[in-house]
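# Structural overview
Listed here are the chains, written in short residue letters.
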Amino acid sequence: MKKYAAFTLVELILVMLLATFVLSMGLLAHQIMDQLYRQYERETEAILELDAFRAILQTDFVRSRSAIWEEQRLILEMDSLQLSYSFERDFVCRQILEMEAKVDTVFCETKALRLYWEKALREENGPVDALDWEIEDLDFVFRIRSQKNRDQWESN
């Protein structure tokens, strides 16, 4: 009788177990990387939305004739309209006061909002020429300055 070279049943089972283990580790790594990428994508989208809103606030603030803090709102007076920014704990709303239906909202957790008038911290209602807006999950502060006092702020 002629003998052929072959694998035993135990060797085949061991190879199948090892292949299953390697394949499951690869799938687990792929799943973890996919979750991390989706989380990164969501965070990046939120930061881009927040930065776009900050850019709008900066543009409105620079173009406004005056900025007044009253009743927990920042009111910007433009040439032909008034804008209101409400800084709540979980969101910020931008509203054109003449048009009640026109409201822009960005969802973020405001950690701190510091208002300034002539480089002094403002504690009560009144005119504002600069503000620092700190977001809970970000490690930096959005600094927004009016055009007329920008040179004062940058000189120090």
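Residues numbered from 1 in each chain as written. Predicted model: local features only at pLDDT ≥ 70, side-chain atom pairs only at ≥ 80, totals over all residues. Heavy atoms only, no water.

### Some words on the side chain of Asp60
One can find Asp60 in helix α1 (residues 9–63). Residue Asp60 is classed as buried on the basis of its relative accessible area of 7%. Residues contacting Asp60, with those up to four places away along its chain left out, are Leu76, Met78, Leu83, Tyr85 and Arg94. (Helix = DSSP H or I, 4+ residues; strand = E, 2+ residues; numbered from the N terminus. Buried < 20%, exposed > 50% of the residue type's maximum accessible area, 1.4 Å probe, protein only. Contact = heavy atoms within 4.5 Å.)

### Focus on the packing of aromatic side chains
Under the criterion given, the structure shown has six aromatic pairs. Centroid distance Tyr37 to Tyr40: 6.4 Å. Interplanar angle 40°. Geometry classified as tilted. Linking Tyr37 with Tyr40, this pair stays in helix α1, spanning three residues, or about one helical turn. The exposure class assigned to Tyr37 is partly exposed, which follows from its relative accessible area of 47%. Classification of Tyr40 as exposed rests on a relative accessible area of 52%. Ring centres of Phe53 and Trp133 lie 6.4 Å apart, and the angle between their planes is 65°; this geometry places the pair in the edge-to-face category. Highlighted residues: Phe53 in helix α1 and Trp133 in strand β9 (residues 130–135), separated in sequence by 80 residues. When sorted by exposure, Phe53 lands in the same class as Trp133, which is buried. Three or more aromatic residues link up through ring pairs in this structure, and these residues are Phe53, Tyr85, Phe87, Trp133 and Phe142. (Phe/Tyr/Trp six-rings, centres within 6.5 Å; stacked < 30°, edge-to-face > 60°.)

### Digging into the pattern of salt bridges
Close approach of charged atoms allows side chains with opposite charge to pair. Following the criterion strictly, the structure yields twelve salt bridges and no others. Across the pair Arg89 and Glu109 runs a salt bridge, and its minimum N-O distance is 3.7 Å. With a gap of 20 residues between them, Arg89 in the loop between β3 (82–87) and β4 (91–96) and Glu109 in the loop between β5 (103–107) and β6 (110–117) connect regions that are remote in the sequence. Among the residues examined, Arg89 registers a relative accessible area of 46% and is labelled partly exposed. Residue Glu109 is classed as partly exposed on the basis of its relative accessible area of 35%. Residues joined in a network through salt bridges with shared partners are Asp60, Arg94 and Asp104. (Salt bridge = Lys/Arg side-chain N within 4 Å of Asp/Glu carboxyl O.)

### Things to note about the pairing of strand β2 (residues 73–77)
Pairing geometry for strand β1 (residues 66–70) and β2, over five bridges, is antiparallel. In the strand pairing of β2, Trp69 is matched with Leu74. Counted along the chain from β2 to the antiparallel partner β3, the turn is four residues long. (Pairing = 2+ DSSP bridges.)

### Considerations on the sheet that holds strand β10 (residues 141–145)
Read from one edge to the other, the open sheet built from four strands follows the order β7-β6-β9-β10, with strand pairing classed as antiparallel. Whereas interior strands pair on both sides, the edge strands pair on one side only; in this sheet they are β7 (120–122) and β10. Each strand axis lies, on average, 30° off the axis of its neighbour in the sheet, ignoring direction. Sheet topology note: the β9/β10 ladder contains five bridges and is antiparallel. By the bridge assignment, Glu134 is partnered in β10 with Val141. (Axes fitted to C-alpha atoms, helices over the stretch in contact; angles between N-to-C directions.)

### Brief notes about the sheet that holds strand β8 (residues 126–127)
Judged by pairing direction, the sheet is antiparallel, and its six strands sit side by side in the order β5-β4-β3-β2-β1-β8 without closing on themselves. Looking along the sheet, the strands with just one partner apiece sit at the ends: β5 and β8. This element, α1, spans β1, β2, β3, β4 and β5 of the sheet and lies at about 135° to β3.

### Brief notes about the pairing of β6
The pairing of β6 with β9 spans six bridges and is antiparallel. Paired with Thr110 across the strands is Ile135, a residue of β9. Linkage of β6 to β7, two consecutive antiparallel strands, is achieved through a turn of two residues, within which Glu118 is found at a positive phi near 50°.

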